[in-house]
Number of protein chains: 2
Amino acid sequence: MARRVDPHERRELLADALMRLAAERGLEAVSLRHVAAEAGVSTGMVQHYFRTKDEMMTFALGMVMDRIRRRSQALSVPATPRELVRGLLLQVLPLDETRRLENHVVLAFLAYAAVKPALASGLRESAAEMRTFLADQLRAAGADGVGHEQAAAGLLALVDGLGLQLLSRQYADEDAVAALDAQLALLFGRR
Amino acid sequence: MARRVDPHERRELLADALMRLAAERGLEAVSLRHVAAEAGVSTGMVQHYFRTKDEMMTFALGMVMDRIRRRSQALSVPATPRELVRGLLLQVLPLDETRRLENHVVLAFLAYAAVKPALASGLRESAAEMRTFLADQLRAAGADGVGHEQAAAGLLALVDGLGLQLLSRQYADEDAVAALDAQLALLFGRR
DNA sequence: GGAATGACAATACAGTTGCAACGCAAAGGA
DNA sequence: TCCTTTGCGTTGCAACTGTATTGTCATTCC
């Protein structure tokens, strides 16, 4: 067995195992051996594809952000700005098991990045990206009232906060959606 | 030296050291030895006051939540509901070093509690407490539009999200305050 | 048909972890 | 005065950590 394998595919396999671990037992449970066990491979193989643990973490975080981005882009079917905004923000909320898992991982990495600034840049980027997109849509819709940048930032913060509360089960899914809709009504006008 | 010491005071000393560690180097850096070193005592003493690491973590989290609550209650000088709400929410945002530190710790524990449900209940409680307080104030102010419970939940989520973004330095302090004020204007009416 | 190479597996190693056990000094009651 | 209790320091231990080293194949190229 030589060159036959696709390295990127292997890395994704391992990163998937890492995600499952992080979501179910926290980032503290992520060790080379645990990831290997979860993926059903040897620790040697993990080391083969990630020379260091940090490299593994960085790759996994990048993968998660990439998936979220990709799902959002697949969303850009013709629609009104308001529908676009709502769709995008609903994409981010943890309303099903896959996105629960992803949000768990993002939360874990958020706490991790608060201490390891090298990882924070990726998170910052994708947030900024989403913020300008939201602001553009708000402008296009002619949303009145507050500045568009500010409203976009507020929406993003709202969704982040709702996500947090959903994760810790303080809140039912439909209540979170209702809170989001209420805010959209305030910004775009009722209905 | 025997009975002279106040056990609770000692525990707070140790929990303080834990907080500093968690804020500066993350929860992963919190070990019995590190906490002992940071507090300038022996690991034996840490073990004397906390029989297990989990007991130490739980106590520290409780202490942080207590401090936040206490600061909020000290705030209830006569004021209009709107001022009260603004004051309370500004209390929660990480706008100075102490509160940055506290928010860091809360974030770390949030990620931790997402995996250790035993710790989550405390967080849930204090959030619910704050939500009903906010809803009461909104009702008292006769804020129109959306339901009061929903608006309160939205405000809380907004502040949580803003806190997250402030912590990861995605955002300037004054922008966060502006976003909060914009939302208050939407709810209470301009000015 | 070697030789080189890529893909792993196994093991070793030094450091760190939570926790238990033991030790001992000082204060108070008997 | 003894003796128990409280408060803490020290040491030890088994488990686990990230990383480095080495070994073992199967495959591909010359």
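In what follows, the structure referred to is the one given above.
Since this is a predicted model, take the numbers as computed values, not measurements.

On to the overall build of chain A. Helix and strand content of chain A: nine helices and zero strands. With the principal axes as the frame, chain A shows a C-alpha extent of 60 × 35 × 30 Å. Restricting the contact set of chain A to residue pairs at least 6 apart, pairs at least 24 apart contribute 63%. Accessible surface for chain A amounts to roughly 9400 Å². Of this, 52% is attributable to carbon and sulfur atoms. When the 24 basic and 24 acidic side-chain charges of chain A are each reduced to a single mean position, those positions are 4 Å apart.

Attention now moves to the relation of the copies chain B and chain A. The relation between the two chain copies is a rotation about an axis coupled with a shift along that axis. Least-squares fitting of chain B to chain A yields an RMSD of 0.1 Å, with the superposition described by an axial translation of 0.0 Å and a rotation of 180°. The superposition of one copy onto the other is thereby described by a two-fold rotation axis. When the interface residues of chain B are mapped onto chain A, 100% of them again lie at the interface, so the same face is used by both copies.

Right, let's talk about helix H1 (residues 7-25) of chain A for a bit. Every α-helical turn comprises 3.6 residues, leaving residues that sit three or four positions apart pointing alike. Residue and element names in this part refer to chain A. With 19 residues, H1 extends 27 Å between its outermost C-alpha atoms, agreeing within 8% with the 27 Å of an ideal straight helix rising 1.5 Å per residue. Here H1 has its buried residues at Leu14, Ala15, Ala17, Leu18, Met19, Leu21, Ala22 and Ala23. Tucked inside the fold, the buried residues of H1 contact helix H2 (32-39), helix H3 (43-49), helix H4 (53-73) and helix H6 (97-113). The opening residue of H1, the one whose side-chain oxygen lies 3.1 Å from the backbone nitrogen of His8, is Asp6. Following H1 by one or two positions, Gly26 has its phi on the positive side, about 85°.

The rules behind each value
Residues numbered from 1 in each chain as written. Chains lettered and ligands numbered in written order. Predicted model: local features only at pLDDT ≥ 70, side-chain atom pairs only at ≥ 80, totals over all residues. Heavy atoms only, no water. Helix = DSSP H or I, 4+ residues; strand = E, 2+ residues; numbered from the N terminus. Contact = heavy atoms within 4.5 Å. Areas by Shrake-Rupley, 256 points an atom, 1.4 Å probe, with all protein chains shown as cover. Lys, Arg positive; Asp, Glu negative; His and termini not counted. Charge placed at Lys NZ, Arg CZ, Asp CG, Glu CD. Least-squares fit on C-alpha atoms with pLDDT ≥ 70 in both. Expected span 1.5 Å × (residues − 1). Buried < 20%, exposed > 50% of the residue type's maximum accessible area, 1.4 Å probe, protein only. Polar contact = N/O pair within 3.5 Å; in protein donor to acceptor, adjacent residues only side chain to side chain.

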